[in-house]
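Listed below, chain by chain, are the residues.
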Amino acid sequence: MTRKISRRAALRLGLGAGILAGGAIVYRETQAVGFDKWARWALRGQATRFSAASRVALAAADSYDAELVTAVDALWRAAEGPDLQNARVVVKPNLVDYIPGRPCFTAPQVTEALIRFLRDTARVKKIIVAEGMTFRRDPHAILIDTGYREMLERQRVEFVDLNYDDLVKIPLRGGYTKMDSLFMARTVTEADALISVPKLKTHHWTQISASIKNLFGIVPGIKYGFPKNTLHMQGINAFLAELLDSLPTPRRFALVDGIVGLQGDGPLFGAPVASGVLLGGQDFLAVDATAARLMGMEPQALEILTFMAWAGLGHLDENKIALRGAALSELRRIFEPAPQF
Amino acid sequence: MLRAQNADGGWGYKRGGMSYVEPTAAVILACSQDAQNAAVVQKARAFIKTLQRADGGWGIASMDAESGWMTAWAVWALADNDMAAAQRGAEWLLATAGLRVTDATQVAGVKKVLRIDATITGWPWQPGDAAWIFPSALALLALHAAQIRQHPRVQEGLQYLLDRAIPEGGWNIGNPFMVTGNLPPTVESTALALLALRAFDIENEITQRAARWLAQENFTPTAHEWTWRALYGQKVGAPLERARGALQTLQRADGSLDGNVFTTALGVMALDL
């Protein structure tokens, strides 16, 4: 005796089998990171798509001699920077190294303008300029060579070397790497706000370097080595996602120095490019996506950004980034890409 | 420097900062010859010993549960006083190596991008990482202090230093070249690598070129740079008046160099400031 299966039942069976097979594929594909984590990232990513657009502001600035405090002020307002009144603020420029003729570090004029804005307009309680240099253990030589020593003395702002600070072990929330905790400088963990002030550049490992890559400098070299390669071994993109997701500072902002950018073989040996722009915002991913567009790159093609966007760490899509200030199309300069190998 | 000792017997990089193995070991090496410092040094050694981990190595501080590069500092600092602890640390060093590439295609790729022989390795900052000049040279000095001088890892470590030298002279932190550019030598890496090679009586064109580069004064005159330069100068009997004068000028009112205990200890080791 044969039992006939109705067409509807067959369809249901097929659908069920399809779901099971799909589930098995997803499970297999996500086994390396764990299905629960993958599902959490994917769900958050989907939820982020429905969240409000992130504001990113652009300002034209032709030279470091320009009135940069006014530009920073306008940019901060346009980007709806956080209220920092009475806050302890860590300002983190990119001082990766000093190579004569190579603009691989954030210009001190930009950091100085930000300091003046924070002190005079934002009325913060305390400003600390902090960095954990990548290639050299001696911060003083880099501070002198880059002009930061003089600027910091002029502004009477303290510098903290994050490579040698007291340490705090912070939990890593994301699970993107095999690490579940990270040593971090107490100066950063105790701050109310972190402002990433990177140089706009191309990078031979990550293709671009802006506000997110600049965060590498906040981890202590004394634990992770010089150039903190132990963390590169976790996968640069995965580790940066971890760092962005686990930042202990409740308020943050990114101000990118693109007045003179660095193109080609970044982070050190690239060539200067007069890109004439400052940009900023609270959503580091949106800021870096905009930075990529300014350099003539498509953010969706940059792995460092796409994974973070997929995991919901910020916005990447053009229609989810509300640009303010100067027009991006007028400020775009095509950067020579970093060599790939 | 002595007044900056923490209650636990260790030193931080800054006065009052948490105790780390590196500055504590450097102070021991700087002060242990002077009998007046016996009590301070004894307390510091006790601090270092309490941090030795079951695997024989040391982390960077008490909160660090993983042995790493500061093992070399601890071995060096304990070698003339507690050889048993130093030997266990030395064994950890001998069992630890930077990543080694063996696949021929990868070796060729690394050679092209970084201009190094990736089949030769030294010591990493942390296990699982590639080798770098500073931890490698430091490990060699520590093993030398622990009387380990013929081991194959020592021989490979010395080869590693020679392979990573910059053709024009000196060492950067790791490879001599990166993608499109020659990396510049740094005073710290060059002085430490030269000290390690000299400890094992290696002198050749590479060390001579590096020593010539170090003798030039084409670096930014910070306390850190001068102390490393003076450390090497003292070892080879070079005149130290310029370094002494520069460091005395840079010395702060509290006696420190840069307010940094580690740099100050190096200054004392080099010049008995």
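If you're wondering where the values come from, they're calculated on a predicted model, not measured in any experiment. (Residues numbered from 1 in each chain as written. Chains lettered and ligands numbered in written order. Predicted model: local features only at pLDDT ≥ 70, side-chain atom pairs only at ≥ 80, totals over all residues. Heavy atoms only, no water.)

## Considering unusual backbone geometry
Residues other than glycine predominantly adopt negative phi, and peptide bonds predominantly adopt the trans conformation.
All names here are of chain A.
No. 1: Following Phe-226, the chain continues into Pro-227 via a peptide bond in cis, with omega recorded as 20°.
No. 2: Structurally, Pro-227 is set in the loop between helix H8 (221-224) and helix H9 (229-232).
No. 3: A cis amide bond links Gly-266 with the next residue in sequence, Pro-267, at an omega value of 15°.
No. 4: In this fold, Pro-267 is placed in the loop between strand E10 (251-263) and strand E11 (271-273).
No. 5: Positive phi outside glycine occurs at Arg-123, with the angle close to 55°.
No. 6: Even without being a glycine, Gln-207 presents a positive backbone phi close to 75°.
No. 7: Note on placement: Gln-207 falls in strand E9 (residues 207-209). (Helix = DSSP H or I, 4+ residues; strand = E, 2+ residues; numbered from the N terminus.)

## Considering the nonpolar core
Proteins that are soluble and globular tend to have nonpolar side chains buried together.
No. 1: In this structure, Leu-114, Leu-118 and Leu-182 of chain A together with Trp-73 and Leu-161 of chain B are the most contacted members of the largest nonpolar core, which totals 215 residues.
No. 2: With nine residues, the single largest contributor to this core is helix H6 (residues 133-145) of chain B.
No. 3: Every residue in contact with Leu-118 of chain A, bar those within four places of it in the chain, is listed here: Trp-76, Leu-84, Val-89, Val-91, Arg-123, Val-124, Ile-127 and Ile-195 of chain A. (Core = buried A, V, L, I, M, F, W, Y, C linked by side-chain atoms within 4.5 Å. Buried < 20%, exposed > 50% of the residue type's maximum accessible area, 1.4 Å probe, protein only. Contact = heavy atoms within 4.5 Å.)

## Structural notes on the domain arrangement of chain B
Residues and elements named next belong to chain B.
No. 1: Partitioning chain B into structural domains gives domain 1 (1-82) and domain 2 (97-216).
No. 2: Domain 1 and domain 2 are separated by 26 Å when their C-alpha centres are compared.
No. 3: Each side of the interface is counted separately: domain 1 has 10 residues, and domain 2 has 12 residues.
No. 4: Three residues, Trp-69, Ala-72 and Trp-76, lead the burial of domain 1 against domain 2; their summed loss comes to 54% of the area buried on that side.
No. 5: On inspection of domain 1 and its partner domain 2, the count reaches two residue pairs in polar contact (both at pLDDT 80 or more).
No. 6: At four residues, the largest contribution of residues to the side of domain 1 that touches domain 2 is made by helix H3 (residues 70-78).
No. 7: Residues that form the side of domain 1 that touches domain 2 fall into these classes: six nonpolar, two polar and two charged. (Domains from an automatic or database assignment. Buried area = accessible area lost by both parts, 1.4 Å probe. Polar contact = N/O pair within 3.5 Å; in protein donor to acceptor, adjacent residues only side chain to side chain. Nonpolar A, V, L, I, M, F, W, Y, C, P; charged D, E, K, R; others polar.)

## Section: the packing of helix H1 (residues 21-31) of chain B against helix H12 (residues 261-271) of chain B
Residue and element names in this part refer to chain B.
No. 1: Running from N to C, H1 and H12 point in directions that differ by 20°, and their axes come no closer than 8 Å. On the basis of the axis angle, H1 is roughly parallel to H12. As H1 packs across H12, the resulting crossing turns out to be left-handed. Touching Glu-22, Pro-23, Ala-26, Val-27, Leu-29 and Ala-30 of H1 are Val-261, Phe-262, Ala-265, Val-268 and Met-269, all from H12.
No. 2: Its residues assigned to classes, the contact of H1 with H12 shows 10 nonpolar, no polar and one charged. (Axes fitted to C-alpha atoms, helices over the stretch in contact; angles between N-to-C directions. Parallel < 35°, antiparallel > 145°, perpendicular 65-115°, else oblique. Left-handed = near helix turned anticlockwise from the far one by under 90°.)

## Re the interface of chain B and chain A
Interface size is often expressed as the accessible area that is lost when the parts come together.
No. 1: Listed by partner, the interface residues are 37 residues for chain B and 31 residues for chain A.
No. 2: Between chain B and chain A, the buried area comes to about 3,000 Å², and carbon and sulfur atoms account for 64% of it.
No. 3: Counting every contact that joins chain B to chain A gives four salt bridges.
No. 4: Asp-64 of chain B serves as the salt-bridge partner of Lys-223 of chain A, at 2.9 Å between the closest nitrogen and oxygen.
No. 5: For the interface between chain B and chain A, the tally reads 13 residue pairs in polar contact (both at pLDDT 80 or more). (Salt bridge = Lys/Arg side-chain N within 4 Å of Asp/Glu carboxyl O.)

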